[in-house]
Amino acid sequence: MNKQGVGFINWQVKQAFLSKLTHMKFIKLEEKTMAEVLLLHHVLGRTKGIEAIADQLRDAGHTVHVPDLFDGRMFSSLEEGLVFVKEIGFEEVKARGVRAASELSRDVVYAGFSLGVPAAQQLAQTREGARGALFFHACLPTSAFESQWPADLPVQIHAMSADPFFVEDGDINAARELVASANHAELFLYEGKEHLFTDSSLPSYDADATKLVIKRVLDFLA
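Residues numbered from 1 in each chain as written. Predicted model: local features only at pLDDT ≥ 70, side-chain atom pairs only at ≥ 80, totals over all residues. Heavy atoms only, no water.

Participant: Please set out the overall build of the chain residue by residue, giving values where relevant.
Facilitator: In terms of helices and strands, the chain carries 8 helices and 6 strands. Reading the chain from its N end, one meets helices and strands in the order α-β-α-β-α-α-β-α-β-β-α-α-β-α. Among the 222 residues that make up the chain, the fraction classed as buried is 42%. Sequence separation of at least 24 residues holds for 62% of the intrachain contacts in the chain that already meet a minimum separation of 6. If you sum the accessible surface of the chain, you get close to 12,400 Å²; carbon and sulfur atoms cover 52% of it. (Helix = DSSP H or I, 4+ residues; strand = E, 2+ residues; numbered from the N terminus. Buried < 20%, exposed > 50% of the residue type's maximum accessible area, 1.4 Å probe, protein only. Contact = heavy atoms within 4.5 Å. Areas by Shrake-Rupley, 256 points an atom, 1.4 Å probe, with all protein chains shown as cover.)

Here's what the structure looks like:
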């Protein structure tokens, strides 16, 4: 085949390609927005288990802040932790959690573990611009704060179905009421009676349940 014939074939190929481009539908992929999370620890302090959860969220690309509300103090039992909290005051602990949000943007997901829930819930419920909320092992009635739960604010609540702190203290009822009043709310109950079952540094840790918790949390943050 002479050069003229080759050139004609190349021209046909080019025209076919251009025609295909003309009719092709291009799909623009949306850029995935990662979350910024304020994570408030439980009554035992900022334990290695709490840090481990934060690291799992960071590994997924999210920014996670874990302020130390106890100034470095950690405790080996709920009783010891509660004694310390009573000394400084529950309201002071909550205030420290609320203050931790002051240096962050308002587009934040507020997460709390047990003792950290009151501050996380107050921030989510009353600080304008919240992106979402995650409550672990505890939930307060929405009436505890100065405004109602924002109907369109997403929230997940995680606890064990027979956890006496969650069930007998009425947190489960508060959680169900919150879910009923919000448009994007989920209550996840896991089989068992342990309170701080998500903390891998504690004897109460449940690896299988926590794996499911993390999966659901990552789906929530996605």
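Participant: I'd like a description of the pairing of strand 1 (residues 36-40), backed by residues and values.
Facilitator: Of all 5 residues in strand 1, 4 are buried; the element is thus mostly enclosed. Taken together, the 3 bridges between strand 1 and strand 2 (residues 63-65) define a ladder with parallel strand orientation. Pairing of V37 across the sheet is with V64, part of strand 2. On the question of chirality, the crossover connecting strand 1 to the parallel strand 2 by way of helix 2 (residues 48-59) is right-handed. (Pairing = 2+ DSSP bridges. Right-handed = clockwise from strand over helix to strand, strands pointing away.)

Participant: Help me get a handle on the packing of aromatic side chains, residues and values and all.
Facilitator: Within a pair of aromatic rings, the relevant descriptors are the distance that separates the centres and the angle that separates the planes. Using the criterion set out here, one finds 6 aromatic pairs in the structure. Seen from their ring centres, F75 and F84 are 5.2 Å apart, and the 40° between their planes marks the pair as tilted. Centre to centre, the rings of F113 and F136 are 4.2 Å apart; their planes meet at 10°, and the pair counts as stacked. Here F136 lies in strand 4 (residues 132-136) and F113 lies in strand 3 (residues 109-113), a separation of 23 residues in the sequence. Residue F113 shares its accessibility class with F136, and that shared class is buried. Clustering of aromatic rings is evident, with ring pairs tying together F70, F75 and F84. (Phe/Tyr/Trp six-rings, centres within 6.5 Å; stacked < 30°, edge-to-face > 60°.)

Participant: Please give an account of helix 8 (residues 207-221) that cites residues and values.
Facilitator: A rise of 1.5 Å per residue sets the reference length of helix 8, with its 15 residues, at 21 Å; its end C-alpha atoms lie 21 Å apart and thus fit the reference within 8%. Regarding helix 8, the residues found buried are A209, T210, V213, I214, V217, F220 and L221. On an axial view of helix 8, the arc spanned by its buried residues comes to 135°, and they lie on one face. In helix 8, the exposed residues that point more than 90 degrees away from the buried face are D208 and K211. Those residues of helix 8 that are buried lie in contact with strand 1, helix 2, strand 3, strand 4, strand 5 (155-160) and strand 6 (185-190). (Expected span 1.5 Å × (residues − 1). Arc of directions from axis to C-beta.)

Participant: Break down the environment of V98 for me, with residues and values.
Facilitator: With respect to the helices and strands, V98 occurs in helix 4 (residues 90-99). By relative accessible area, which is 24% here, V98 ends up partly exposed.

Participant: Tell me about the side chain of H137, and please be specific about residues and values.
Facilitator: By the element assignment, H137 lies in the loop between strand 4 and strand 5. One polar contact links the side chain of H137 to the main-chain carbonyl oxygen of H195, over a distance of 2.8 Å. Sequence-distant contacts of H137, defined by excluding residues within four places in its chain, comprise F113, S114, H158, A159, D163, F166, H195, L196, F197 and T198. (Polar contact = N/O pair within 3.5 Å; in protein donor to acceptor, adjacent residues only side chain to side chain.)

Participant: Describe in detail the sheet that holds strand 3, supporting the description with residues and values.
Facilitator: Strand order in the open sheet formed by 6 strands is 2-1-3-4-5-6, and the pairing between neighbours is parallel. In the strand order of this sheet, the two ends are held by strand 2 and strand 6, each with one partner. For this sheet, the mean inter-axis angle between neighbouring strands, taken without regard to orientation, is 15°. Across 6 bridges, strand 5 lies against strand 6 in parallel orientation. Each bridged residue has a counterpart across the sheet, and for M160 the counterpart in strand 6 is Y190. Of the strands in this sheet, strand 1, strand 3 and strand 4 are in contact with helix 5 (residues 117-126), which crosses strand 3 at around 160°. (Axes fitted to C-alpha atoms, helices over the stretch in contact; angles between N-to-C directions.)

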